[in-house]
Structure formats: C-alpha cells, structure tokens
Amino acid sequence: MRRRGHGGGKASRTQSHRDLKELKEEEEESHDSFEFSCHKLQESLLSSASGYSNYRGILNWCVVMLILSNARLFLENLIKYGILVDPIQVISLFLKDPYSWPALCLIIASNAFVILTLHIERKLALGTYSEKFGLILHTIDLITILTFPPAVLLTVRSVTPVGAVLALMCYTILFLKLYSYKDVNKWSREQSKAKVKMLSRSLSAPGLKENGELVQSAVMYPGNLTYRDMYYFLLAPTLCYELNFPRSPRIRKRFLLRRMFEMIFLIQLQVGLIQQWMVPAIQNSMKPFRDMDYSRMIERLLKLAVPNHFIWLIFFYWFFHSSMNFLAELMQFGDREFYRDWWNSETVTYFWKNWNIPVHKWCSRHFYKPMLKKGVNKRMAQTAVFLASAFFHEYLVSVPLKMFRLWAFMGMMAQVPLAWLVGKFLSGNYGNAAVWLSLIIGQPVAVLMYVHDYYILNHEGSL
C-alpha cells in the first residue's frame, strides 16, 4: 500500500512538471508571436481622431514658404520700381505747413472735455446736480466730442488725411473712455445710496498689513474723482473704467526695452512696406477700376491682398502686443489681455470677440449687456453692436478723406450675414478658412474702393 501510494505521488508530480513545461512553451510561443506583430489599432496623424497636435514642422514650412514667396515679390518690386522708401514723404503726410499743427492742436483741445466730465461728476457726487441734469450734460459733452473734430477737420484745409485720422482716433478713444467713466461713477453712486460697500477702505485710509506685508489701499467713491485718477485712466491701455485697476508690482526694464525696440522697428517696417509695396500696387489698380476691366480688377485685387494682409498682421503685433504692453508696463497696468486666439476663429463672431479685447469689453459692458437688460433679444443686440462699429469705422475713414462713400460701413455690416452663413454652414477648419479668407480679401476691396474714389475726386485729370 505504501509503495502504491508513493508511486502514485511520483506520477502526479511528473504530470505537474509536464503541465508546467507545456504552459511555459505556450507563453514563449505567445511572446514570440507578440514580438513579431507590427500592427495595432491607431489613427493616421493628420486625422482629427488621432489626437495629434504637434504640427511645428508644418508651421515652420509655412513660414519658410511665406518668406520665400514674399522675398520674390519684394525683389520683383525693387527691380521694377527701384527704391521708393522716402522718409521726407512720410513727414509731409503729417505736415503741410511746418509752422501749423492743426491736428495736434485739436488733440490738445480735447482736455477741455476731460475737465468738463470730471466737473460734472464732482457736482453729481456732491448732489449739486440731479441725475437727470447730469445725464443731459454728459450727453451734450459726448455728442460734442464726436461732432467737434469733424467740423474742424472739414473746414481747416491744412489738415492732412493722416493727421486727421490720428486726431479722430484720439477723440473716438476719448468718447469711449468718458462714456465708461460716466457709467461706472453712476453705478458707484447707486451702490453708495443703497448703502452697499464696494471696498473696505477709502482713499485716505492707510495701507493695512496682511501676513506681515503692506497691502495697497483701495479707492472708494467719490475719492476717485481726481485729476490723477482721471488722467491715469485716459493714458491706461483700456477703454473700461474701474475705481481700482490691477497693478503690476514693478516696471520690468528689459521687457520695456524689448517692446520699445519692437515698436520702433515695426513702425518703420510698416511705412517702408506701404511705400515700396502697396502704393505701386494701388496706383496700378486705378486704370482697371476706371475702365471696369473685371479680369484685371480681380488680378490687381489678389496682388494687393498679400502685402495688405502682411502689413495688417505686422500692425496687429505692433499695436496690440508691442505698443499696448509698452504702455501697460510703463504705467504698471496689470491686465495685459489685449487679444485672445483670434487666429483660431471658426466663426466670424469669435474673431470679433477676440482680436480686440479692449473694444470687445467696452461693447459688452456698456452697450450689449445693457440692451439685454432692457429686453432686447441677442440677435438684435449683436446687430446693434455691429452697427455702432460700422459707424465708427466709416467715421474714421470718410472724415479724413473728406468724402462719404460708406464702403467701410457696408463692409462692417456685411459681417452680420457673413457671421450667420459661416456659423450655419461651416465649422472647424472650414470655418477658420472662411474667416481667414474674409480678412485677406475683404480689406483690400475696401482699400481699393476708397483709393479709387479719392483719386477720381481729387486727381481725375492725372489718371
């Protein structure tokens, strides 16, 4: 019995060894088959389902191709026209009479409207003026800001179109800033009357220590009604007023110098490209437009589209990044969101919301949202915003040129149906391509329209 049991145990152990050996062989076979496999479930890199996002090489290729193509065009331009860049000609655009600076005098005169607005707000804070009377005074003041400069520019012949544009831009910015200043102070008065404390300390309150650090004192209404506060707001790179702006702790000198270098270099580059590249293209476009040669008109439009768009991109970086950051750093203004990723816009509406944040914030805060609170539906409110924007675009073009053709107005209002069409029928990359196409083609169309009409009106005999 013992031998039989012993033999049975030995047989069972032998069987278990065989099983282990077979299991190892199966694992080795499966391992070998795994090593020889070269396929797995995956998507192509250019497919959106792959989740791949590193297209840096393609971006670099696009930049290289852009540089090479523009270099060829620029070389062709130099061979055909020679060097057209002339700094003296640029100065003459600002000054017809070197002893008379009407545009600059007009800008200096704008301080009268600033002082009047501050005076009205101080009287309202003291209760000397009623809210209704203050509103009437503010309305007259704001309307005068928009009507006084055109009246001067249309009567004074020594003002150049470039000087007139700069003066009108200053008055337009002043109008938007003082409108915001009026609204915010009105809201502050309403909160004060309702005994709601906006801030914990007044202007005269000393800084308090928090965790051993000195905390900057905050301004309370009406302690903000000072010349220092008013002119800080007027110079700050924003259109929306606040009693307490976010402030950066210090001025970064290297950052400031980099932005200043960019400002100087890019403005010279823009002027040079306009003289060397755009002016000849525009001059060569006049005859096809006058003769209504449609095929040549389209060819000239496409030829103008490249330099116009290139200069527009340089302008965007110069103004919204270099200049605005330089001014913000100099004034220690903390909010540096002057633009968002408008280049990724898949709808026209997204582009207009993100390419110019200061204007978008103003429109949303002082125009769009108040209309919604009054019961206006969103579609009508958006149309009203585009209508106001179209007015100011036409205002800044027609008055300096002293002619009214409404091309800029119609171009802006055309954004309303375009936004609906792109949002309705296109999305993703197709929507983004449609936005880019509207930017590249739309602007030179307006430029050619205005230049053509200006030449016909002023230099018809020389064409």
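Everything below is about the structure printed above this text.
Residues numbered from 1 in each chain as written. Predicted model: local features only at pLDDT ≥ 70, side-chain atom pairs only at ≥ 80, totals over all residues. Heavy atoms only, no water.

J.: Residues and numbers for the overall build of the chain, please.
T.: For the chain, the count of helices and strands is 16 helices and two strands. Residue burial in the chain is summarised as follows: out of 463 residues, 33% are buried. In the chain, the share of contacts with a sequence separation of at least 24, taken over all contacts with a separation of at least 6, comes to 73%. Total accessible area on the chain is roughly 29,400 Å²; 65% of this is exposed by carbon and sulfur atoms. (Helix = DSSP H or I, 4+ residues; strand = E, 2+ residues; numbered from the N terminus. Buried < 20%, exposed > 50% of the residue type's maximum accessible area, 1.4 Å probe, protein only. Contact = heavy atoms within 4.5 Å. Areas by Shrake-Rupley, 256 points an atom, 1.4 Å probe, with all protein chains shown as cover.)

J.: So what about the packing of aromatic side chains? Which residues, and what values?
T.: Across all of its chains, the model carries 36 aromatic pairs by this definition. Centroid distance F113 to F148: 6.1 Å. Interplanar angle 55°. Geometry classified as tilted. One end of the pair, F113, is in helix α5 (residues 111–126); the other, F148, is in helix α6 (residues 131–155), with 35 residues separating them in the sequence. Here F113 falls in the buried class, since its relative accessible area comes to 10%. Here the guanidinium or amino end of K177 rests over the ring plane of F233, the centre of that ring lying 4.6 Å away. Geometry around F255 places R252 over its ring, the cationic atom sitting 4.3 Å from the centre. (Phe/Tyr/Trp six-rings, centres within 6.5 Å; stacked < 30°, edge-to-face > 60°. Lys NZ or Arg CZ within 6 Å of the ring centre and 35° of its normal.)

J.: Please give an account of unusual backbone geometry that cites residues and values.
T.: Put simply, Y221 and P222 share a cis peptide bond, and its omega is 5°. Examined against the element boundaries, P222 turns out to sit in the loop between β2 (213–214) and α8 (227–235). With a phi close to 55°, Q332 is a non-glycine residue in the positive phi region. Within the secondary structure, Q332 sits in the loop between α10 (294–331) and α11 (348–354). The class of Q332 is partly exposed, set by a relative accessible area of 22%. Phi at L406 is positive, roughly 65°, even though this residue is not glycine. As for its position among the elements, L406 is in the loop between α13 (378–401) and α14 (407–413).

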